[in-house]
Amino acid sequence: MSEITMTTLSYPMPWPQLMAQHARHRPRVLLGLGIALMGVLVLLLQGQVWLVQATQNDVVRWALWGGSAGLVATTLGALPAVFLKDLKAQHEDAMLGMAAGMMLAAAAFSLLLPGIEAGTQLTGHALKGAGLVVLGMGLGVLLMLGLDAFTPHEHDKTGPCGPGHDRCQRVWLFVMAVAIHNLPEGMAVGVGFAQGDLSVGLPLATAIALQDIPEGLAVAMTLRAIGTPAWKAVGIAALGALLEPIGALIGVSLVGNSALAYPVGLGLAAGAMLFVVSHEVIPETHRNGHQTTATLGLMAGFALMMVLDTSLG
């Protein structure tokens, strides 16, 4: 009898029960995730008819090319990991700080400001237009909070988190972390191209691709530091970046040809990106005592993105 009891106690809890147990301890996050998913579902449904009819449309192609540029940039950025044995923490923090600055500027100049402008033109009132963008931002933040809480993943400095992380290989936990990070970037590119406005989509896609280069190297070097073979580390970084073209397709289908969904979609992508920058990237760059270096990198990245937005927009 005791042997049966011990066997029962040591048997792993099924995934549905594990997720349910995790959810019971995070009811507010679960509620927020449910609200965000409902909002995303409504946007997706309204865009499906348009998307089916627009598979050969330039807008969809631009979005996929923009998302694929992020995938290629991440892979190219990861390639030096084949030859490098390690990367100084100060250099990594500077690169990630620059990536954070570019993401912040992209959210401001290529997502929030065009969203407020589109919302103001649609409603005829600046406050109402900004309200549509804020609504989207709220959905984006709730979505990322939920994904962060309910997806098993691992960051280099903070360790594993999420339900069932102890059942997953460490490499796959890093893949999930990269995927969660790249999803809002891809969605932002897709939403940016959704109305066929290259002045919004092009600088945004360019900025995200550029900041993916140091991110790709940082991810690959982190994987190498935990003993992953060099080429496998590059492949894993690229695998996580597959979420960028997928996210771009999701982003463009969120908006479709709906004028109302456009400012909401821009706000959603901006909220998701701002969450990632504040919740993950900036804290990561400040854990090694290189706050000044990381901040200077952030300022440089912000300035570069501002110039790109001015020249390409």
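Treat the numbers as computed from the prediction; the structure is a model and nothing was measured. Numbers given to residues run from 1 along each chain, matching the order in which its sequence is written. Since the coordinates come from a predicted model, pLDDT governs what is reported: local features require at least 70, and pairs of side-chain atoms require 80 or more to be given and counted, while whole-chain, interface and lining totals use all residues. Heavy atoms throughout the structure, all of them, feed into the side-chain values; hydrogens and water do not.

A. Local environment of the overall build of the chain. The numbering of helices and of strands both runs from the N terminus, where a helix is a DSSP run of H or I of at least 4 residues and a strand a run of E of at least 2. What the chain contains, in helices and strands, is 12 helices and two strands. The burial tally for the chain puts 50% of its 313 residues in the buried class. Every residue pair with non-hydrogen atoms within 4.5 Å of one another is taken to be in contact. When contacts within the chain are restricted to residue pairs at least 6 apart in sequence, those whose partners lie at least 24 apart make up 82%. Areas reported here follow the Shrake-Rupley algorithm with a probe of radius 1.4 Å; residue values treat only the protein chains shown as occluding. On the chain, roughly 14,500 Å² of surface is accessible, and the fraction owed to carbon and sulfur atoms is 69%. Buried, partly exposed and exposed residues are distinguished by accessible area as a fraction of the type maximum, computed with a 1.4 Å probe on protein chains only: under 20%, between the cut-offs, and over 50%, respectively.

B. Representation of the pattern of salt bridges within the structure. We define a salt bridge as a side-chain nitrogen of Lys or Arg found within 4 Å of a carboxyl oxygen belonging to Asp or Glu. Summed over all chains, the structure comprises one salt bridge. Arg287 is the salt-bridge partner of Glu284, the closest N and O atoms lying 3.0 Å from each other. Overall, the relative accessible area of 12% leaves Glu284 in the buried class.

C. Focus on the packing of aromatic side chains. Side-chain rings of Phe, Tyr and Trp (the six-membered ring for Trp) are treated as a pair once their centres are within 6.5 Å; stacked means planes under 30 degrees apart, edge-to-face means over 60, and tilted covers the remaining angles. Across all of its chains, the model carries two aromatic pairs by this definition. Ring geometry for Trp62 versus Phe193: centroids 6.4 Å apart, planes at 45 degrees, classification tilted. Remark: Phe193 occurs in helix H7 (residues 170-193) and Trp62 occurs in helix H4 (residues 58-78); sequence separation between them is 131 residues. Assessed through its relative accessible area of 4%, Phe193 is described here as buried.

D. Spotlight on the confidence of the model for the chain. Mean pLDDT over the chain: 82, with 85% of residues reaching 70 or higher. A score between 0 and 100, pLDDT records how confident the predictor is in each residue. At the level of individual helices and strands, the chain shows its lowest average pLDDT in helix H1 (residues 2-10), which scores 44, and its highest in helix H6 (residues 126-150), which scores 91. Contacts from residues 1-10, a stretch scored under 50 in pLDDT, to residues over four places away or in other chains number zero contacts.

E. Structural view of the nonpolar core. In this text, buried Ala, Val, Leu, Ile, Met, Phe, Trp, Tyr and Cys residues form a nonpolar core when linked through side-chain atoms within 4.5 Å. Residues Leu111, Ala188 and Met273 are the most contacted members of the largest nonpolar core, which totals 41 residues. Among the elements of the structure, H4, helix H5 (89-123), H6, H7, helix H8 (198-225), helix H10 (243-255), helix H11 (261-285) and helix H12 (291-312) are those that each provide at least two residues to this core. Not counting residues within four places of it along the chain, the set of residues in contact with Ala188 comprises Leu111, Leu204, Ile208, Ala269 and Met273. Membership of the second largest hydrophobic core comes to 16 residues, among which are Ala23, Leu143, Met187 and Leu268.

F. Representation of a nonpolar patch on the surface. Here the term patch refers to residues with relative accessible area over 30% and no salt bridge, with like charges joined within 9 Å and nonpolar side chains (Val, Leu, Ile, Met, Phe, Trp, Tyr) within 5 Å. A surface patch of nonpolar side chains, amounting to about 300 Å² of accessible area, comprises Trp62, Leu198, Leu202 and Leu312. Relative to the assigned elements, Leu312 resides in helix H12. In this structure Leu312 comes out as partly exposed when scored by relative accessible area, which is 33%.

G. Region of the structure containing the environment of His286. By the element assignment, His286 lies in the loop between H11 and H12. What makes His286 partly exposed here is its relative accessible area of 32%. Taking the C-alpha atoms as reference, His286 lies 7.6 Å from Asp93; in sequence the two are 193 residues apart. If near-sequence neighbours (up to four positions away) are discounted, His286 is found in contact with Gln291, Ala294 and Thr295.

H. Summary view of the environment of Ile236. Note on placement: Ile236 falls in helix H9 (residues 230-241). For the pair Ile236 and Thr75, spaced 161 residues apart in sequence, the C-alpha to C-alpha distance is 9.2 Å.

I. Geometry of the side chain of Ser253. Within the fold, Ser253 resides in helix H10. By the criterion applied in these results, polar contacts are pairs of N or O atoms within 3.5 Å in which, for protein atoms, one can donate a hydrogen and the other can accept it, and in which residues neighboring in sequence qualify only through two side-chain atoms. Separated by 2.8 Å, the side chain of Ser253 and the backbone oxygen of Ile250 make a polar contact.

J. The arrangement of H12 in detail. Given a rise of 1.5 Å per residue, 22 residues ought to cover 32 Å, and the 31 Å separating the end C-alpha atoms of H12 matches this to within 8%. Residues of H12 that are buried include every one of Ala294, Gly297, Leu298, Gly301, Met305, Leu308 and Asp309, and no others. Each buried residue of H12 sits inside an arc of 105 degrees when the element is viewed along its axis, so together they form one side. The exposed residues of H12 that point more than 90 degrees off its buried face are Thr292, Leu296, Met299, Val307, Thr310 and Ser311. Packed against the buried residues of H12 are H5, H8 and H11. Under the convention used throughout, the expected extent of a helix is 1.5 Å for every residue step, that is, one less than its residue count. Here, the arc refers to the directions that run from the helix axis to the C-beta atoms.

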